[in-house]
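Observations on chain architecture
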Amino acid sequence: MGIRGLATYMAQRSDWHLKPFELHDTYIVIDGNALVSQLYIRCAKCNCSFGGDYDKFARTICDFFDSLEKCNITPLVLIDGGCEEKKILTVRQRIRDKVGSAFGYNPTTQREYKFFPLLMKEVFKEVMSKKGVKYVQTLFEADDEIASVARILNCPVLSFDSDFYIYDVMYIPFNTLDPFLIQNRRGTGYVKRCKIYRVDSLRRQFPGLERLHLPLASTLLGNDYVNCRTFKGFFDHLRLPKITKLRYNDQQRRIEATLLWLSKHTVHNAIAQILARLPVEKRPKILEIIEMIVNVYTTSNPQILISLGFSVEYVAEMEGKFKKEPFKYQGDIKNLRPEEDSDDGEKLENDIVDPDDEETVEDDPEFRYNPNIKKVAPDWFIQEFQMGNYASYFIDILTRRFYVCPPQIEDYSYPAAIKICTKIISLIYSLLTKNLQGPDTLSYLCRGAGKNVIVNKLEAKSDILGSQLPSLFNLRKLPIVIRKRMFDETLGIPECALATIPTEWQLYVATVIFWMSQQEKPSGTNCHLYSLLYAMLFGVIDSKIGFHRSEQYFHQQFDQQIQMIFYNRENHQSHVQLDENLTVYEAYCQVMPDDCLLAAPFFLNNFEINQHLLLNAKKFNVSIVHAFAQFQISLRHSLHLNALLGYPYQQTRISEMFNGTLVYNLYTNFKGRNDIDAYVLHQLQNSPTLLRLFNRLLSHIKGLLNQDALDNKVNSARRRRKRNKGKNGVENTQVIEPEDTTSFHDVNNRYSLLRGHQM
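Residues numbered from 1 in each chain as written. Predicted model: local features only at pLDDT ≥ 70, side-chain atom pairs only at ≥ 80, totals over all residues. Heavy atoms only, no water.

Along the backbone of the protein chain there are 32 helices and 17 strands. Of all 759 residues assigned to the protein chain, the portion counted as buried reaches 54%. Accessible surface for the protein chain amounts to roughly 34500 Å². Of this, 48% is attributable to carbon and sulfur atoms. (Helix = DSSP H or I, 4+ residues; strand = E, 2+ residues; numbered from the N terminus. Buried < 20%, exposed > 50% of the residue type's maximum accessible area, 1.4 Å probe, protein only. Areas by Shrake-Rupley, 256 points an atom, 1.4 Å probe, with all protein chains shown as cover.)

Turning next to the packing of helix α18 (residues 393-400) against helix α19 (residues 422-433). For any two helices packed against each other, one specifies the crossing angle of their axes together with the interaxial distance. Orientation of α18 relative to α19, taken along the N-to-C sense of each, is 55 degrees, at an axis distance of 10 Å. Classified by the angle their axes make, α18 and α19 are oblique. Helix-helix and strand crossings are classified by hand; for α18 and α19 the assignment is right-handed. Along its contact with α18, which presents Y393, F394, I397 and L398, the element α19 presents I428, Y429, L432 and T433. Here the contact of α18 with α19 is composed, by residue class, of seven nonpolar, one polar and no charged. (Axes fitted to C-alpha atoms, helices over the stretch in contact; angles between N-to-C directions. Parallel < 35°, antiparallel > 145°, perpendicular 65-115°, else oblique. Left-handed = near helix turned anticlockwise from the far one by under 90°. Contact = heavy atoms within 4.5 Å. Nonpolar A, V, L, I, M, F, W, Y, C, P; charged D, E, K, R; others polar.)

This brings us to the confidence of the model for the protein chain. Of all residues in the protein chain, 86% attain a pLDDT of 70 or more, and the chain-wide mean is 86. Across residues 714-759, confidence stays below pLDDT 50; counting only partners more than four residues off in sequence or on other chains, it has 84 contacts. (pLDDT = per-residue confidence, 0-100.)

Going through the model one piece at a time under the given rule, you end up with 45 aromatic pairs. With 5.6 Å between their ring centres and 80 degrees between their planes, F50 and F620 make a pair best called edge-to-face. In this pair, F50 is assigned in the loop between α3 (32-43) and α4 (54-70) and F620 in the loop between α27 (611-615) and α28 (622-644), connecting sequence segments 570 residues apart. The same class applies to F50 and to F620, which are both buried. Between F64 and F174, the ring centres sit 6.4 Å apart and the planes meet at 40 degrees, which makes this aromatic pair tilted. Pair noted here: F64 is in helix α4 and F174 is in the loop between β6 (171-173) and β7 (181-183), with a separation of 110 residues, a long-range link. Just as F64 is buried, F174 falls in that class too. Positioned above the aromatic ring of F160, the side-chain terminus of R42 is 4.9 Å from the ring centre. In this arrangement the basic side chain of R549 is found over the ring face of F607, its NZ or CZ atom lying 4.2 Å from the centre. (Phe/Tyr/Trp six-rings, centres within 6.5 Å; stacked < 30°, edge-to-face > 60°. Lys NZ or Arg CZ within 6 Å of the ring centre and 35° of its normal.)

With 12 residues, helix α29 (residues 660-671) should cover 16 Å at 1.5 Å per step; its first-to-last C-alpha distance of 16 Å lies within 8% of that length. The element α29 is extensively covered by neighbouring structure, given that 10 of its 12 residues are classed as buried. Structurally, the start of α29 carries an N-cap: the backbone nitrogen of T661 is 3.1 Å from a side-chain oxygen of N659. (Expected span 1.5 Å × (residues − 1). Polar contact = N/O pair within 3.5 Å; in protein donor to acceptor, adjacent residues only side chain to side chain.)

Written out as structure tokens, the structure reads:
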């Protein structure tokens, strides 16, 4: 419900409205959607063009919550749920904008603006769960609940949403929060410096302004409930002192004029004057909306506190304390007369433009179906949704049979990456809506040809495993073994095929198999497969030696230890023959920390972007990213299906498995090799337990892929033709054979010359 231009208007007088504040020893209510976006934009040093460096992003999230803990600040995070009807057109426009901005995105343009990776929110929830941060996902937009909790607990809100200038809460804009800690004045703890807004500062600027005036301002200036053209007649008669023209643009002057006008009227008188300039037949509907908005902004509902871990007794006490009669206008709306215009001030330029004027909800029949969520979903589903177990679009599917697919960095010469996983989406849709009234097809918004955005249709499934699909109300009555078979059937996983894989890897491996088995172009090749599996080793390395992403700091900390490992192996140990007849799980458990330490430098080098790509955007190959985008979107929906089925597999920790820059670099590295296996052998020759794990994992997955999935997907060296012109201008062609990589000095690894033999 934000007011367009309000954040900029407040920034013009930030010294007046935003006061220095030291944050410590308190609850803080956090707008989760705003936080995850701002952490990614402002703090995470990630390479957006490669699809997401989720390990680095997870580290950023951890550091943020760790800093709050040091200040004895207890975060309560609220995340938006489904898209409300009033937001549909806004969301559609944003998707169009994102699809447009993703076209031609590359490592050079990523320095100018960020592009959110597909699994960003999943990683955010993953980290919060791991750290024990209390969070709730509301059924729809979370702003009202955020404000309620903040008022009840008398604590600040952290967000970057101008809505909170209107709610009567203490508000800390995220961009004012200092990332660093300082010791408090007592010297016994830490504080975070920031700036805080209280509504009293706005009331001091406009004497006579009441708290109930602020929701009226939101209504007049246009929000998600009201078209901003509705009150054009009102603004035609609004005046503003000329002196402000030099300070503000037209929208900011309109904001100031509105607040100034409201400050000179009581709430009921202001409503009467607003309605008086509307046609009589429209007044009842507009009054209903005004009353609803005022109550939304001013009513507190303590029930959300139960989901945040507060006791039932405390919530009951707060319900009594904050109980109030809803606001109701008292007056006759039929016989209203507008007051005479003032001669003071300048008339506003009233060219109000609403970008959605040409397209209304009523014109789009696919958005009309919108039942009460509590009538179409069982209690266990709603509880688990509020726990954050499910994706927010589950509510969109339930309430209007519509799904907005987030855009990715893709090769626009190919179909949208989402096409690869419609089979998984179809089952999710079918399980959510089985036996419910409404349309028989799911409409999903995605990229079409080129930069076009289209709505596709997806048919529901009626049966699986030779039986009728259960309804959502009966889904959890099925044994977990049956739900696991439903998952395996959808992804094409043979029964018990993943039993010898570490449990935390099983779902990820299942998605790899599904992705490699599809025929959507550009389909995954051996190079893609090797890259994904090799990248999985970085999670193992992190678990053994800790999280390291800086080569400089790594070498400062471990150089002497690495030299000592080589010395001991060359002088005090004989060649050890490892048992190769292990399962993947057994090989995983037997990885040695020393082996991880020796393998780490190669990974550290490949976590960084190649400088040639920054200097020359034409060297960036978006088709490589597109194939991994297909994998990511398959993983996203595999995770969501697994959650809906009650977790037959342990959820994958994405931040420990996928780094877009790493898999891109590995792919380009592997693609240039004549023999990938020889190259991997060389890189891991001094990390034999890691090499064994990789080989066992690779062999296991190849054994699960059918021949069709492997045909035409092997990596073959390409003969490059180098063209030179001789002295006479005649072009000479020289065939350059691929390099032999079985034995070489790797310039990316300073220790390769120390490797005298394979352990």
